[in-house]
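So the chains spell out like this:
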Amino acid sequence: MIYLLKFNALEAQNIQLSGGKGANLAKLSSAHFPVPSGFIVSSKAYLDFVSQAVNVNVNFDSIQRIEQAESWQKYLHTLPLPRALITEITRFLGSSNKRYAVRSSSTMEDLSSAAFAGQHDTFLNCSGVEEILLKIKECFISLWNDRAIHYRQQKGFDHRQAAMAVVVQEMIDCDVAGVGFSVNPINGDLDEILIDANYGLGETVVSGEGEIDHIVIDKKSLKIKAITIGNKTKKMVSSTQNTQLVVVDKPNELCLTEEDIQKLSSLILQVEEYYRFPQDIEWGIKEGKIYLLQSRTITTIPPHWTRDESAERYPNVVTPLAWDFIEEGFHESLTHSFNMMGFPIYTGKWFALFDHYVYGNQNAVKLYMHNAGFNLKNLEEVRSLIPYFRQKYQWVQQLPYQWIRDLDHYLLSIGQFMSQNLDCKTPKEIWSYIKEISDLGKSYFRPNIAISITQSSLYRLLYNLLLLIFPKEKSLQLLDAFTSTCETKTAQINKEIFNLTQIVVSNTLLNDLLQKYDSKEILTKNMLSPFPEFIQDFNRFLHSHGHREHDIDPYHPLWIETPWILLDTIKLALQNHQNKTPLEQERENKIKAFDAEQELFAQLPEDLHFFFSEIIRLLKVYTMLDDVEHYQTTRLSMPLRKGLKALGKVLQERNLLKEPLDLFFSTKKELADAIENETWQKYTEIIEQNKSEYLKRKEIMPSWVYGEEDTFAETDQEHLSGIPGSPGQVEGSVFIVKSLDDFAKVPKGAVLVAKTTNPSWTSLFYTASAIITESGGPLSHGAVTAREMGIPAVMAVKKIMNKVANGQKVLVNGNTGKVYLIEK
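Residues numbered from 1 in each chain as written. Predicted model: local features only at pLDDT ≥ 70, side-chain atom pairs only at ≥ 80, totals over all residues. Heavy atoms only, no water.

Novice: Can you tell me about the overall build of the protein chain, naming the residues and giving the values?
Specialist: When helices and strands are tallied, the protein chain shows 28 helices and 24 strands. A compact globule built from 824 residues would reach a C-alpha radius of gyration of about 28 Å, and the protein chain, at 31 Å, matches this within 12%. Every one of the 824 residues in the protein chain was classed for burial, and the buried ones make up 52%. Accessible area for the protein chain stands at about 38,400 Å²; split by element, carbon and sulfur atoms hold 50% of it. In the protein chain, which carries 86 positive and 101 negative side-chain charges, the distance between the mean positions of the two groups comes to 2 Å. (Helix = DSSP H or I, 4+ residues; strand = E, 2+ residues; numbered from the N terminus. Rg over C-alpha atoms; globule rule 2.2 N^0.38 Å. Buried < 20%, exposed > 50% of the residue type's maximum accessible area, 1.4 Å probe, protein only. Areas by Shrake-Rupley, 256 points an atom, 1.4 Å probe, with all protein chains shown as cover. Lys, Arg positive; Asp, Glu negative; His and termini not counted. Charge placed at Lys NZ, Arg CZ, Asp CG, Glu CD.)

Novice: How would you sum up the packing of aromatic side chains? Please name residues and give values.
Specialist: As enumerated under the stated definition, the model contains 38 aromatic pairs in all. On the numbers, 5.1 Å between centres and 80 degrees between planes, the contact of Tyr 274 with Tyr 275 is edge-to-face. Of the residues examined, Tyr 274 reaches a relative accessible area of 36% and is grouped as partly exposed. Aromatic side chains Trp 680 and Tyr 683 sit 5.5 Å apart centroid to centroid with 85 degrees between the ring planes, which places their arrangement in the edge-to-face category. Of this pair, Trp 680 and Tyr 683 both sit in helix α25 (residues 680-698), 3 residues apart, which is roughly one turn of that helix. (Phe/Tyr/Trp six-rings, centres within 6.5 Å; stacked < 30°, edge-to-face > 60°.)

Novice: Hey, could you go over the confidence of the model for the protein chain for me, with residue numbers and the actual values?
Specialist: The predicted model of the protein chain averages 88 in pLDDT, with 93% of residues at 70 or higher. A low-confidence stretch, residues 710-716 stays under pLDDT 50, and its non-local contacts, those more than four residues away or across chains, total 6 contacts. (pLDDT = per-residue confidence, 0-100. Contact = heavy atoms within 4.5 Å.)

Novice: Summarise the side chain of Ser 104; cite the residues concerned and give the values.
Specialist: Looking at the element boundaries, Ser 104 is found in strand β3 (residues 99-106). There is a polar contact of 3.3 Å between the side chain of Ser 104 and the side chain of Ser 142. (Polar contact = N/O pair within 3.5 Å; in protein donor to acceptor, adjacent residues only side chain to side chain.)

Novice: Describe empty space enclosed by the protein, listing the residues and the values that go with them.
Specialist: The tally for this structure, following the rule as stated, stands at 3 cavities of 30 Å³ or more. The calculated volume of the largest cavity comes to roughly 170 Å³. Taken together, 17 residues make up the lining of the largest cavity; nearest its centre are Arg 103, Leu 124, Ile 172, Glu 203 and Leu 293. Looking at the lining of the largest cavity, the elements that each hand over two or more residues are β3, β5 (164-170), β6 (176-181), α7 (203-207) and β12 (279-286). (1 Å grid on protein atoms, 1.4 Å probe; cavity = no way out; pocket = protein on both sides within 12 Å on 5 of 7 lines; lining within 4 Å. Points joined across faces, edges and corners; volume = space filled by probe spheres on them.)

Novice: So what about the sheet that holds strand β15 (residues 351-354)? Which residues, and what values?
Specialist: Across the sheet, which stays open at both edges, the 3 strands sit in the order β14-β16-β15 with antiparallel pairing between neighbours. Edge positions in the sheet fall to β14 (305-306) and β15, since each of these pairs with one other strand and no more. Note: β15 against strand β16 (residues 357-361), 4 bridges, orientation antiparallel. Looking at β16, one finds that Phe 354 is bridged to Tyr 357. Lying on the sheet, helix α10 (residues 362-369) is in contact with β14 and β16; it crosses β16 at an angle near 40 degrees. (Pairing = 2+ DSSP bridges. Axes fitted to C-alpha atoms, helices over the stretch in contact; angles between N-to-C directions.)

Novice: Give a detailed account of the pairing of β12, specifying residues and quantitative values.
Specialist: Summarising burial for β12: 7 of the 8 residues are buried, a large majority. Relative to β12, β6 runs antiparallel, the two sharing 6 bridges. If you follow Ala 177 over to β12, its bridge partner there is Gly 284. Taking the residues that link successive antiparallel strands as the turn, the β12-strand β13 (residues 289-297) hairpin has 2 residues, and the phi of Glu 287 there is positive, at about 50 degrees.

Novice: Explain the pairing of β5 to me, and be specific about the residues and the numbers.
Specialist: Across the 7 residues that make up β5, a large majority, 6, are buried. As paired strands, β3 and β5 are joined by 7 bridges and run antiparallel to one another. Of the residues in β5, the one forming a bridge with Ser 106 is Met 164.

Novice: Give me the environment of Arg 152: which residues, what numbers.
Specialist: When you line up the elements, Arg 152 lands in helix α6 (residues 146-155). Note on Arg 152: relative accessible area 0%, which makes it buried. Counting along the chain gives 10 residues from Arg 152 to Ala 162, while the straight-line C-alpha distance between them is 9.0 Å.

Novice: Quick rundown of the sheet that holds strand β17 (residues 719-721)? Include the residues and the values.
Specialist: Read across the open sheet, the 8 strands follow the order β17-β24-β23-β19-β20-β21-β22-β18; overall the sheet is mixed. Each edge of the open sheet carries a strand with a single partner, namely β17 and β18 (723-726). Across the sheet, the axes of successive neighbouring strands diverge by a mean angle of 30 degrees, strand direction being ignored. Two strands pair when backbone bridges link them, and strand β23 (residues 809-813) and strand β24 (residues 818-821) are joined in this way by 4 bridges, in the antiparallel orientation. Note that in β24 the partner of Asn 813 across the bridge is Lys 818.

Novice: Go over unusual backbone geometry, please, and point to the residues and values.
Specialist: Unusually for a residue other than glycine, His 32 sits at a positive phi of about 70 degrees. Here His 32 shows up in the loop between α1 (15-30) and β2 (38-41). A positive phi angle, near 55 degrees, is found at Glu 678, a position not held by glycine. Summarising the element assignment, Glu 678 is placed in the loop between α24 (668-677) and α25.

Structure representation (structure tokens):
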């Protein structure tokens, strides 16, 4: 067959052929999960279908305009499906009256960076060749729904790269159906499972068009923590007209048994374990049997900002401009590194700046690092996994060579930047120089987070491997021995400082001079001139390592700009007598590492020697790389400070800045706008305000968990309760949307209130500050989309449409599911 792929076909797992939904179902089916049988119409069929559109001028860059989308869809309706597809579908289905669900499966949907929830079409309870062919064509054309176009536009996806596959799957007439999350997407709790359910088919749950049962389960014990029973007045069932809504007999009873909840929870955990990442699934139950209808990686998890990850790396206040440069490079590297490592792409922020302090998103750290290790049970399992390791982690072997290869270009470029003369340059010319340095840094830094994560992962892997053979204490001793011989830049610097110290020790006059005078005074008054050997090595050290930083923020001077601090370091080294020279210590470490390897291999089966040897070698390589990449990263600070000093000096000469480096107290955008538009007076005001705030925050110890103090009083305020849909807290004015006619009237920043939302409402989320609906749950369209947009949402607030009015001030707390009526 040219176009059809059965679920168990290996190529069906290719997302470019099967789309996100189809590829996931193929993987799950091949892994023997209870997936209803079916097949995939590959994206080749769509591409051949749309290739018939000859001599049609479609401006893809502006196709988000509704009228153009409608015109394009009308034209596509006139095109026939490929003849070979008709033949294959006819042969495959024959004269069977079996009923199917026909679902769109875009090559861009169900990605970790974009769910495309409800943007494309789905058709239930279809039967017969003619109807299924018709629905396949409708799915093809739904790629150009105006809402899907708008969604791609907002995500920055290229319309030309979009293609559509179609899943044709056996229809299950579910007694109960719904969705489930293997983590809590509302509060980011990785130890909770969420299940939403209703009678009948699952569309009522996914669409958010009716009330549901909402269940929270403890992930470890699988005990139910909380249940919210909805008033489920209607359910969707199959009918001669595809589907219909019918009245529920007992709307206020829980639609799942305790046994159902246990089985569903177990299934959700099994799917998560298979993907090694949290999952969002759709499920159905018919006559007691559970079916897995869909699974996708969870795309959004709310942040939990703490200093756990950032306090060591960013201990002090950080200037706005420095953080903009750091954050751009870091998050670009995060995307590149995760893609290389096979992790789902993370679309949120890993680090963020609050009150001039950097906080880490602890939920993201737990989410990703939880899946970075291996839980190995015995050496036999290790032996069986070696082919898997070798195939899946080829990049671990290749990355060091690629990084060292690319380092030359980076270092040569740094040299070229340092050689440029910035005298007599205009602000625009100097800013262009600064941006080029930033681009070089981002390019160089792309793989560096992968290096850091791999180093820590290899450390944990080797430790777990050693625990299979030795007790804990011995394993730690061996691990320490293996890593003690890594040739790092830090070790090299320490050797050179030791050598400088030895020169001082051997010269009584020099030693007395350092002990008697302040370091800064010694250098300012050129008091080292009688000691040429020391001066030569001292200057060589600064020439080699002067780019190193005292603080991660390049606002602060570098080693070469503060040479007296190196002199202070030498003074401190003089006070700490070392029993061994660095060379003696190095030799001792090498012997210890050699003995540790001998001890390990004596206890290992011979066929595992090479594997363990490679893990040890790679750990040493990545430990060295992790140190060296940071050392080389800090070289950027020299040309960056050079450029910013030159720009600041020009502005200082125009009486726009008090100090050249005061421009660190603006954001990158504020500085770029001022240069482009010559709005210097406004820029000067921003600098003064931000510098004042920076100096104030510098004296304040940051809270460990950001926002742990209450920022507003919740007591004595009338509030309405619902189900948390998307985290966050916003105060704003209500605007009630009753129909599509109200769309154009929604003011920017309004708190959007509606009975429910559906995919055609997605455009409103780009302007709303928060969402409140009368129905739905945390897994409905409104909640999923709100989380993607990063705005608070509270679902299932009964009678909200009657309890608030346009313009009324409310406070929406998406974390707790409460809406506070600030104005009556």
